[in-house]
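# Summary of structural features
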Amino acid sequence: MILRLMLTAVAVMFLSLPGLPRAETAVFSSRGGVAIGGYDPVAFFVDGVAEQGRRTHAVMWKGVVWRFASARNQARFEANPRAYAPAFGGYCAYAMSQGQLHDGNPQIWAIVDGELFLLNNRRVHRLWQADTVQMIADARPHWPVILRK
C-alpha cells in the first residue's frame, strides 16, 4: 500500500513537471476517429480528386486515423504529413473565416497556395470562391483558438 502511494506521488510529480512533452490534443475534424471522412489527403494534391482511403493503408497522426488509397500515398503522407493535411483541421474554411466551427466536406474542397481547404456545402463554396484570399486571412486568427471555446 505504501509503495503504491509512493509510486503514485512520483508519477504525479513527474507528469506535472513543466516542459515535458505530452500527447497532442487531436485538432483534426474526425468521425469515429478517422480524419476527413476517410478520404485520402494525398489524392487531392496528386490526383486532383477526392478519393476514399482504404483501411489497409492507414496511419495514426495527431490523434486521428488517416486513410490512403495506396501504399504510395501513405508513404508520401508519412514523409511530410503537414504538406497534405487540410488547413484548419479539416473544418470548413468558410465557417472558420466567420469564427464558427463546422465540419468540412471532403467532396467540396480547394487547394490554394499549396494548402488544402475543405468547405461545408456548395453555397459556402460559391461564397468562398468570391473572396478566397480574404477569407483565408480572416480564418487564420481563429485557428486553433476556436477549439478551446
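Structure: above.
A few points on the structure.

Cut-offs used in this document
Residues numbered from 1 in each chain as written. Predicted model: local features only at pLDDT ≥ 70, side-chain atom pairs only at ≥ 80, totals over all residues. Heavy atoms only, no water. Core = buried A, V, L, I, M, F, W, Y, C linked by side-chain atoms within 4.5 Å. Buried < 20%, exposed > 50% of the residue type's maximum accessible area, 1.4 Å probe, protein only. Helix = DSSP H or I, 4+ residues; strand = E, 2+ residues; numbered from the N terminus. Contact = heavy atoms within 4.5 Å.

Turning our eyes to something else, we now look at the nonpolar core. Ranked by size, the top nonpolar core spans 19 residues in total, and within it F88, Y94, F117, L119 and W128 carry the most contacts. For this core, the secondary-structure elements that each account for two or more residues are α5 (93–97), β5 (105–112), β6 (115–119), α6 (122–130) and α7 (132–139). No other element matches α5, which puts four residues into this core. When near neighbours in sequence (up to four residues on either side) are disregarded, W128 contacts A93, Y94, A110, F117, L119, M135 and I136. Within the second largest apolar cluster, 16 residues are counted, among which are F44, F77, Y84 and L118.

You can see E115 is positioned in strand β6. Classification of E115 by relative accessible area gives partly exposed; the value is 27%. Separated by 28 residues in the primary sequence, E115 and A87 place their C-alpha atoms 6.4 Å from one another. Excluding residues that lie within four positions of it along the chain, E115 makes contacts with F45, A87, A110 and R140.

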